[in-house]
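Each chain, letter by letter, is given below.
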Amino acid sequence: MSPPNGGGMGRTPEGAVPAEGPGVPAGAVLPSPHAHGGASVSRTMGLVMAALAPATLFGFWMFGWPAVHLFMMTLAACVLAEYGCQRLMGRRSSLGDGSAVLTGWLLALSLPPWAPGWIGVLGGAIAIVVGKQVFGGLGQNPFNPAMVARVVLLVSFPVAMTQWVVPVPMGSPGAPDFVHGLQITLAAPPLPDAIASASLLGHAKTELSRGADLAQVLGAAATPPHDWTGLRPGSLGETGALLLLAGGLFLVFAGVIGWHLPAAVLLGLAVPALVGHALAPARFLPADLHLVSGATVLGAFFIATDYVTSPNTTAGQWLFGLGIGVLTWIIRSFGGYPEGMAFAVLLMNALVPAIDRWLRPRILGRDRAGRPLALPGD
Amino acid sequence: MRLLSYFRGEAFQRGIHPPSCKLTAATPIRRMPFAPRLTVPLSQHIGKPPRPIVQVGQEVVRGQPIARTDDWLSVPHHAPATGVVEAIDLRPSARGPWTQSIVIRVHPGATQEDLWGEPRDLSGATPQDILQAVWDTGMVGLGGAAFPSHAKLSVPKQAKVHTLVVNGCECEPYLTCDHRVMVEEADPLIVGIRYAMRATGAVRTIVGVEDNKPDAVAAIQAAIDRARGTTTEGDIFVEAVPTKYPQGSEKMLIMALFGVEVPSGGLPVQLGMVVNNVGTLAALGRLLPSGRGLTERVVTVTGPGVARPGDYRMPLGTPLSFVLEYAGAPADSRQVILGGPMMGQSAATLDVPITKGVSGVLVFKGDDLAHREGLRTFPCIKCGECVESCPMGLNPSQLGMLAAKREYETMGGQYHLGDCFECGCCTYVCPSNIPLVQQFRIAKQVLRERAV
């Protein structure tokens, strides 16, 4: 170190300042703030995956190797699609942020566990290419990529997307081993009648279209099991509802997501369901079955809360979440498809820019319209 | 006495809670010796620079005025040390451009006792006399804004002030100079408050202190109790406010204390309030009775890169290099910040002096820096953390995306960028590590230039 104040003594710049600046350099010159809270995109994605892990592992155990293979192939397709798009566009790879893996994970949780592998691969590619990269990649997509893919698959391949199986837990008699599971996923042989099943929502919709009384249908032996344990046909995200709820609450307490949005989705679904069931139990499913069936919990805590495609003010999140809940109930109760979460999320995604514009926080010292507050006495 | 609860409104909304890192909160203020040379920039406050009234080669004594001004929005400067004026020319400044400065070579053996002063009897002084006396001290806001204090204490004719708010929040992490001043100089603070109340006509004073400084609250309360009955100028209260950044912003503090919003584009004085920093009023309490000028201030020297952190009372004009050497900061790669970590400014060179507005010298080591530079910027994922943290209720996420598209007019018009005071909360919480505040500074600068 040079003597104090020595470096610049007696020197006037005269327009000729040395390139490295005068005197003793102090080090890096960075703009304030010079502190950071430590949050990062990859940390956020990692926490979300950690929250999904218990339900996913539970689903692997229940539906065996075919579910594992489908999951892995979906994730691999997402990662490859992301890598490929970025290579094509000559962009720096962003696989490290974990968002492609998370998209694939959420999509895989919404698929029938024994669906053929190409469904997962195609879905993963659609999610990343059509759902995300064509808009410019992370942060730019208006619609939830996993839900875009799910809806495309559902509309294009309705049979493959609604072939559910009863749980055949790993290790139980009749559960496929690794190789057999691979055959199921890759070759997609017809499902044996013994394990093919409908999901509860699908079953209810079918019975309803036949004019049956739902109250009797739910008590009948032919109805798929629908208790809270998750031992029932459905996607990994449906059967693991309780574990997903635990994971979602973990995210709320970890500060990754707010409680407003999931609460709004659940309320938006539960309130019309309660009212509908109370008025016409033969026509509408009870609220508890709505909450535990389909993608309700997955959607409320993990899909609706996607940062990119949800509003960023608390008021906006309430409106957005309530909209998803109500639309889901409407589609489930009146629509052609048994499950409506994906459609509801996409419909509300489209409204997000408008919601963000209308429901801005009030600026301190201004009224809602943005005019400065009046002074007292004016 | 605790303040009556009706004074207490809602604390301000949003904001953040960074780790406080107040390493030097329990260390008494120490004196820093003279550097061999002191550099007094003429422009170190908001407003016009004063003109030098000394010549090169002239002997000056500590406290003697060396620059004077007739401009209302400017302040005089005083010699921080006894010595010889060695040069009056351009020197580096913390803000970047070289600026006209008076360089004083300090006499060996010069003491830090003030040798120059014009004691005056202010007991019967009018508000105008007090403002003149404040002006003569060369005082500016010591909290960092460096706005001339006499201008801040003068009340426009059409306004009437009822409350003096004294800002003892010190919400920036690391900084403790105000904290130590409140603990050690509570009595001069009360004296300064009395003068400020007389100058403004305020009938009550509320000292707002964040509740992470209970010893400061206790010290001020004790000083209030000691001073009770000696004057008739209304009541002084000290109030603890919940700790939250950026409480030290005057709009936030007024919100926290009274639940009142300062209208956008307005000033607290329009609501009958004047806000002053504790350090400013404590210094005025010491200087005004003896008619001395501001020649030194308390500066927190701290951070991971400092061996002997502490609050130092240092002569104005002390070069940064001397400060760091004295406090034990190694010379390897590092970052030196003037002010706190949230709003402070990186120093480009150690040849810049300590000025009236510098509250802290913060040194980060090379490895802290390597970590920060290693962080990659991701696209905005619209997580809304910044919206949840902006104390002004702006939408930094939206503003950042507009800045990336250079839609500066929209930022200023539709999204009220002008209300941003660059507290840094949005950037602090951003998981994508987007330099939002810096984008906003650039946008504001562009808008200013376009407006000309």
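Residues numbered from 1 in each chain as written. Chains lettered and ligands numbered in written order. Predicted model: local features only at pLDDT ≥ 70, side-chain atom pairs only at ≥ 80, totals over all residues. Heavy atoms only, no water.

## Quick notes on the overall build of chain B
Stated formally: Strands are runs of DSSP state E lasting at least two residues, helices are runs of H or I lasting at least four, and both sets are numbered from the N terminus onward. For the radius of gyration, the atom set is restricted to C-alpha positions; the globular benchmark scales as 2.2 Å times the number of residues to the power 0.38. Throughout, exposure labels follow a simple rule: accessible area from a 1.4 Å probe, protein chains only, divided by the maximum for the residue type, with under 20% read as buried, over 50% as exposed, and the rest as partly exposed. Every residue pair with non-hydrogen atoms within 4.5 Å of one another is taken to be in contact. Values of accessible area rely on a 1.4 Å probe in the Shrake-Rupley scheme; residue burial ignores everything except the protein chains shown. In this charge count, Lys and Arg are treated as positive and Asp and Glu as negative; neither His nor the chain ends contribute. Every charge is mapped to an atom, namely NZ of Lys, CZ of Arg, CG of Asp or CD of Glu.
Within chain B one finds 14 helices and 17 strands. By the compact-globule yardstick of 22 Å for 452 residues, chain B fits well, its C-alpha radius of gyration being 22 Å. C-alpha atoms of chain B, sized along the principal axes, occupy 60 × 55 × 45 Å. Each of the 452 residues in chain B was classed as buried or not, and the buried ones make up 61%. Put simply, 74% of the contacts in chain B that link residues at least 6 apart link residues at least 24 apart. For chain B, the accessible area works out to roughly 16700 Å², and carbon and sulfur atoms hold 55% of it. With 44 positive and 42 negative side-chain charges, chain B shows a separation of 2 Å between the mean positions of the two kinds.

## Topic: the domain arrangement of chain B
Residue and element names in this part refer to chain B. For clarity, the threshold we go by: Domain start and end points were adopted from an automatic or database domain assignment. Accessible surface is computed with a 1.4 Å probe, and the buried area is the amount of it that two parts give up when combined, taken over both parts together. By salt bridge we mean one thing: a side-chain nitrogen of Lys or Arg within 4 Å of a carboxyl oxygen of Asp or Glu.
Under the domain assignment used here, chain B contains domain 1 (127-290) and domain 2 (385-451). One C-alpha centre belongs to domain 1, the other to domain 2, and the line joining them spans 30 Å. Tallying the contact residues gives six residues for domain 1 and six residues for domain 2. Summed over both sides, the interface between domain 1 and domain 2 buries roughly 470 Å², with carbon and sulfur atoms accounting for 69% of that surface. Broken down residue by residue, the surface that domain 1 buries against domain 2 is led by Tyr245, Pro246 and Met252, which jointly contribute 65%. On the surface where domain 1 and domain 2 come into contact, there are zero salt bridges.

## A few points about the interface of chain A and chain B
Convention followed: As used in this structure description, the phrase polar contact means that two N or O atoms lie within 3.5 Å; if the pair is within protein, one of them must be able to donate a hydrogen and the other to accept it, and residues adjacent in sequence are counted only when both atoms belong to side chains.
With 56 residues of chain A at the interface, the matching set in chain B holds 76 residues. Here chain A and chain B share an interface that buries about 5900 Å² over both sides, 58% of which is from carbon and sulfur atoms. At the boundary of chain A with chain B, the tally comes to two salt bridges. The partner of A:Arg362 in a salt bridge is B:Glu261, and the shortest N-O contact between them spans 2.5 Å. At the boundary of chain A with chain B, the tally comes to 19 residue pairs in polar contact (both at pLDDT 80 or more).

## Here we look at the sheet that holds strand S4 (residues 59-60) of chain B
Residues and elements named next belong to chain B. We count it as follows: DSSP-based pairing: two strands are paired if at least 2 bridges between them are found.
Pairing in this open sheet of four strands is antiparallel, and the strands run S2-S8-S7-S4 from one edge to the other. Each edge of the sheet is formed by a strand with only one pairing partner; in this case those strands are strand S2 (37-41) and S4. Examined bridge by bridge, strand S7 (residues 83-91) and strand S8 (residues 99-106) share eight bridges and lie antiparallel to one another. When the sheet's bridge partners are listed, Arg91 is paired in S8 with Thr99.

## Some details on a nonpolar patch on the surface
Residues and elements named next belong to chain A. Put simply, the rule is: Note that patches include only residues with greater than 30% relative accessible area and no salt bridge, and the join distances are 9 Å for like charges and 5 Å for nonpolar side chains (Val, Leu, Ile, Met, Phe, Trp, Tyr).
Residues Leu267, Val271, Leu274, Val275, Leu279 and Leu322 make up a contiguous nonpolar surface patch of about 560 Å² in total accessible area. Top element by residues in the nonpolar patch is helix H10 (residues 260-279). It accounts for five residues. Within the secondary structure, Leu322 is located in helix H13 (residues 314-334).

## Some details on the confidence of the model for chain B
All names here are of chain B. What counts is decided by this rule: The predictor attaches a confidence to each residue, and that confidence, scored 0 to 100, is pLDDT.
When pLDDT is averaged along chain B, the result is 87; 94% of the residues meet or exceed 70. Element-level mean pLDDT values for chain B span from 61 in helix H9 (residues 366-374) up to 94 in strand S6 (residues 77-78). Low confidence marks residues 1-10, where pLDDT is under 50. Its contacts with residues over four positions away, or in another chain, come to 25 contacts.

## Details of the sheet that holds strand S9 (residues 163-168) of chain B
Residues and elements named next belong to chain B. Stated precisely, the cut-off is as follows: Comment: axis = line fitted to C-alpha atoms, over the contacting stretch for helices; angle = value between 0 and 180 degrees taken between N-to-C directions.
Strand order in the open sheet formed by four strands is S11-S10-S9-S12, and the pairing between neighbours is parallel. At either end of the open sheet lies a strand with only one pairing partner, and these are strand S11 (235-241) and strand S12 (273-277). Taken pair by pair, the neighbouring strands of this sheet meet at an average axis angle of 25°, ignoring direction. Note: S9 against strand S10 (residues 204-210), six bridges, orientation parallel. Bridge pairing in S10 links Val165 to Ile206. Of the strands in this sheet, S9, S10 and S12 touch helix H7 (residues 278-290), which is tilted by about 80° from S12.

## Here we look at empty space enclosed by the protein
Inclusion rule: Cavities and pockets were defined on a 1 Å grid built over protein atoms only: a cavity is a set of grid points that admits a 1.4 Å probe from which the probe cannot escape, a pocket is an open set flanked by protein on both sides within 12 Å along at least five of seven lines, and lining residues are those with an atom within 4 Å of any such point. Grid points are joined across faces, edges and corners, and a volume is the space filled by probe spheres set on the points.
Going through the model one piece at a time under the given rule, you end up with eight cavities of 30 Å³ or more. When its volume is computed, the largest cavity comes out at roughly 350 Å³. Taken together, 24 residues line the largest cavity, and the ones lying closest to its centre are A:Met45, A:Leu102, A:Leu106, A:Asp306 and A:Tyr307. Elements represented by at least two residues in the lining of the largest cavity include exactly helix H1 (41-89), helix H2 (99-109), helix H4 (145-156) and helix H12 (296-303) of chain A. No other element matches H2(A), which puts four residues into the lining of the largest cavity. Roughly 230 Å³ of volume is contained in the second largest cavity. Along the wall of the second largest cavity there are 20 residues; nearest its centre are B:Leu142, B:Ala283, B:Glu296, B:Arg297 and B:Arg313. Those elements giving two or more residues to the lining of the second largest cavity turn out to be helix H3 (177-184), H7 and strand S13 (296-302) of chain B.

## What to know about the state of the cysteines
Residue and element names in this part refer to chain B. The criterion, for reference: Two cysteine sulfurs form what is called a disulfide whenever their separation falls within 2.5 Å.
Counted according to the given criterion, the structure contains zero disulfides over all chains. No disulfide involves Cys177; its nearest neighbouring cysteine sulfur is the one of Cys171, lying 12 Å away. Assessed through its relative accessible area of 2%, Cys177 is described here as buried. Summary of cysteine pairing: Cys423 is not part of a disulfide, and the nearest cysteine sulfur, belonging to Cys425, is at 3.6 Å.

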